[in-house]
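# Commentary on secondary and tertiary structure
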Amino acid sequence: MLEIYNSLTRFKETFKPLHDGHVGMYVCGPTVYGDAHLGHARPAITFDLLYRYLQYLGYKVRYVRNITDVGHLEHDADEGEDKIAKKARLEQLEPMEVVQYYTNRYHRDMAALNVLPPSIEPHASGHIIEQIAFVQKILDKGYAYVSNGSVYMDVEKYAKDFPYGKLSGRNLNDIVTETRELDGQEEKKHSYDFALWKKAAPEHIMHWPSPWSEGFPGWHMECSTMGTKYLGERFDIHGGGLDLIFPHHEAEIAQSCAALGHETVHYWMHNNMITIAGKKMGKSYNNFITLEQFFRGDHPLLSKPFGPMVIRFFILQAHYRSTVDFSSEALEAAEKGLQRMQEAYARLQKLQAGKETTVEIGDLRTRCVEAMDDDLNTPFVIAALFDSTRAINTVYDGKGTISEADLKELREVWKTFAIDILGLRLEEQGGDAGKQKAFNGAIDLLLGIRLQAKQNKDWGTSDKIRNELTALGFQIKDTKDGFEWSI
Ligand code: ZN
């Protein structure tokens with residue numbers, strides 16, 4: 001029996017964990033040979049949202065998100081060399097230095113996006129023994145073969161006993177025409193057979209001893225191995241980006257069924273992809289914008305820096321199954337939306353309760369729960385919260401009142417859904433918007449002092465402020481009404 005769910009519609013009613021009160025969740029994590037970009041932010045935020053919501057529903061969640069630090073041969077890999085090994089060779093580093101460097105930077109970027117750390121973050125390179133044992137199990141069951149020191153999945157044989165391609169809706173013929181000619185073709189029985197273990201070429205610097213050769217595991221092997229090691233032979237949720245369905249997740253299913261005789265994953269869940277200004281992200285488009293570049297505004301496609309909460313809010317404004325197109329204009333719009341939320345949240349904290357409620361607040365909690373239950377419909381949660389800002393602003397402006405009980409509930413719902421589940425940092429000094437406002441205010445104040453000094457013919461003070469701000473990168477223009485400034 002192979003149960004496939006690609007969405008969790010009516011989540012609360014249909015989602016049945018395998019063990020009461022506990023959820024096991026595995027998400028394919030980053031390959032650490034470069035800085036995290038938007039392609040990393042979306043799955044991280046999507047499954048962070050799910051992790052947070054499952055905990056809100058009362059489940060104890062074991063969330064495993066791996067670090068791929070070996071064996072990931074991408075389609076465009078130069079001569080099939082492992083990217084981490086290549087980077088290490090070019091920069092004369094120990095491969096684990098490359099892994100550690102980019103893992104640290106990944107963690108820094110994820111913390112900035114308010115992505116909670118997983119319960120377990122296993123490294124592929126730390127589970128070589130387990131991967132060898134898993135490959136051996138598949139060999140013992142007769143679904144793999146050894147060829148020239150490498151081990152390959154015998155896909156044709158497997159497909160006679162199990163439905164290969166079910167997750168992606170492909171059959172073997174589709175797969176034959178789609179499979180690219182990668183290295184090792186001459187060793188395989190069929191082009192669609194994939195490597196479970198690869199014999200290392202002499203120049204390959206990351207390799208381990210095995211019964212078949214000095215080599216390294218195939219990329220798909222790590223997730224089958226670490227998923228079952230930490231979550232058991234059957235577990236609830238496996239997630240990742242839509243681009244991983246084929247070949248990665250199909251291969252994982254095949255490996256698990258071949259070794260264990262059954263499927264391991266109960267629910268599959270995939271976030272859709274991100275395009276940039278309408279184009280796929282890719283080397284050929286030169287549009288890989290790293291998260292750090294977003295935070296600094298340091299890329300020709302960006303009009304200005306965008307804070308991590310703007311990126312998070314932007315991603316959550318779309319449903320996780322829709323594609324998201326990034327552009328500077330769209331981010332600026334998201335920034336304005338986030339500012340409105342931050343303002344409403346700050347005002348909500350300042351409201352005083354009155355005798356009765358004269359504003360329309362509706363059943364905000366029910367709307368938010370129903371939206372989340374409906375396959376994590378975050379755009380609806382955000383819309384519901386926005387609707388309630390009207391009531392908040394009316395009371396804040398003194399044009400309406402709210403009762404103590406309603407105010408308490410309103411504050412709780414905002415805290416639960418905006419802060420705890422959507423994971424938006426609204427409370428930090430008004431967030432990015434608040435910081436910007438404070439900064440602008442301070443510069444206006446300084447230039448106001450300068451204007452006054454000029455009127456008093458205190459040229460020393462006025463020149464000092466002008467020169468020092470100019471040295472810091474400000475451009476100051478005197479106008480007939482006062483001044484204008486920019487950076
Ligand atoms: Zn994976």
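Residues numbered from 1 in each chain as written. Predicted model: local features only at pLDDT ≥ 70, side-chain atom pairs only at ≥ 80, totals over all residues. Heavy atoms only, no water.

Next up on the list: the pairing of strand E12 (residues 475-479). For a regular strand, side-chain orientation follows a simple rule: the groups alternate between the two sheet faces. In terms of strand pairing, E12 meets strand E13 (residues 482-486) through five bridges, oriented antiparallel. Paired with threonine 479 across the bridge in E13 is glycine 482. As consecutive antiparallel partners, E12 and E13 are separated by two residues. (Pairing = 2+ DSSP bridges. Helix = DSSP H or I, 4+ residues; strand = E, 2+ residues; numbered from the N terminus.)

In this structure the tally under the stated criterion is 23 salt bridges. Linking lysine 229 and glutamate 130 is a salt bridge whose minimum nitrogen-to-oxygen distance equals 2.7 Å. Residue lysine 229 is found in helix H8 (residues 219-231), and its partner glutamate 130 is found in helix H5 (residues 128-140); the two are separated by 99 residues along the sequence. On the basis of relative accessible area, glutamate 130 is assigned to the partly exposed category, the value being 25%. A salt bridge links glutamate 412 to arginine 365, with the nearest nitrogen and oxygen atoms 3.4 Å apart. Taken together, the residues span a long stretch of sequence, with glutamate 412 in helix H15 (residues 404-421) and arginine 365 in helix H13 (residues 364-373) at a distance of 47 residues. Taken together, the shared-partner salt bridges connect Asp35, Arg105, Arg108, Asp109, Glu292 and Arg296 into one network. (Salt bridge = Lys/Arg side-chain N within 4 Å of Asp/Glu carboxyl O. Buried < 20%, exposed > 50% of the residue type's maximum accessible area, 1.4 Å probe, protein only.)

Below, the discussion takes up the domain arrangement of the chain. Domains assigned within the chain are domain 1 (11-271), domain 2 (276-421) and domain 3 (432-486). Listed as interface residues are 31 residues of domain 1 and, on the opposing side, 35 residues of domain 2. Taken together, both faces of the contact between domain 1 and domain 2 bury some 2700 Å²; the carbon and sulfur share is 65%. When the buried surface of domain 1 facing domain 2 is broken down by residue, Leu38, Arg42 and Leu49 rank first, second and third, together holding 27% of it. At the boundary of domain 1 and domain 2, one finds three salt bridges. We note a salt bridge from arginine 105 to glutamate 292, for which the minimum N-O separation is 2.8 Å. Counting the contacts that link domain 1 with domain 2 gives nine residue pairs in polar contact (both at pLDDT 80 or more). Elements with a minimum of two residues in the side of domain 1 that touches domain 2: helix H1 (11-14), helix H2 (38-56), helix H4 (95-112) and strand E8 (265-271). Looking at the side of domain 1 that touches domain 2 element by element, the count peaks at twelve residues for H2. Looking at the side of domain 1 that touches domain 2 residue by residue, the class counts come to 14 nonpolar, six polar and eleven charged. (Domains from an automatic or database assignment. Contact = heavy atoms within 4.5 Å. Buried area = accessible area lost by both parts, 1.4 Å probe. Polar contact = N/O pair within 3.5 Å; in protein donor to acceptor, adjacent residues only side chain to side chain. Nonpolar A, V, L, I, M, F, W, Y, C, P; charged D, E, K, R; others polar.)

Let us look at the nonpolar core. Grouped together as the largest cluster of nonpolar side chains are 80 residues, with contacts concentrated most on Met25, Phe326 and Trp414. Tallying contributions element by element places H2 first for this core, with ten residues. Each of domain 1 (11-271) and domain 2 (276-421) accounts for three or more of the residues forming this core. In this structure, Val64, Val135, Trp197 and Ala200 belong to the second largest nonpolar core, which totals 55 residues. (Core = buried A, V, L, I, M, F, W, Y, C linked by side-chain atoms within 4.5 Å.)

Attention now moves to the coordination of the zinc ion. For the zinc ion, every protein donor is listed as Cys28 (SG), Cys223 (SG) and His248 (NE2), and the spread of their distances is 2.0 to 2.1 Å. Of note, the donors binding the zinc ion are all from one chain and are spaced C-x194-C-x24-H. Highlighted residues: cysteine 223 in helix H8 and histidine 248 in helix H9 (residues 245-260), separated in sequence by 25 residues. Using a relative accessible area of 1% as the deciding quantity, one classes histidine 248 as buried. (Donors = N, O, S within 2.8 Å, 3.2 Å for Na, K, Ca; no water.)

Okay, the sheet that holds strand E3 (residues 144-147) next. Strand pairing within a sheet occurs via backbone hydrogen bonds; the two strands may be parallel or antiparallel. In spatial order, the strands read E3-E4-E5-E6; together these four strands make up an open sheet with antiparallel pairing. Two strands lie at the open edges of the sheet, namely E3 and strand E6 (215-217), each paired on one side alone. Each neighbouring strand pair of the sheet contributes to a mean axis angle of 20 degrees, computed without reference to strand direction. Both E3 and strand E4 (residues 150-153) contribute to a ladder of four bridges, which runs antiparallel. When the sheet's bridge partners are listed, tyrosine 145 is paired in E4 with tyrosine 152. (Axes fitted to C-alpha atoms, helices over the stretch in contact; angles between N-to-C directions.)

What follows covers H8. A rise of 1.5 Å per residue sets the reference length of H8, with its 13 residues, at 18 Å; its end C-alpha atoms lie 19 Å apart and thus fit the reference within 8%. The buried fraction of H8 is high, at eleven of 13 residues. Within two residues after H8, glycine 232 carries a phi angle of roughly 100 degrees, on the positive side. (Expected span 1.5 Å × (residues − 1).)

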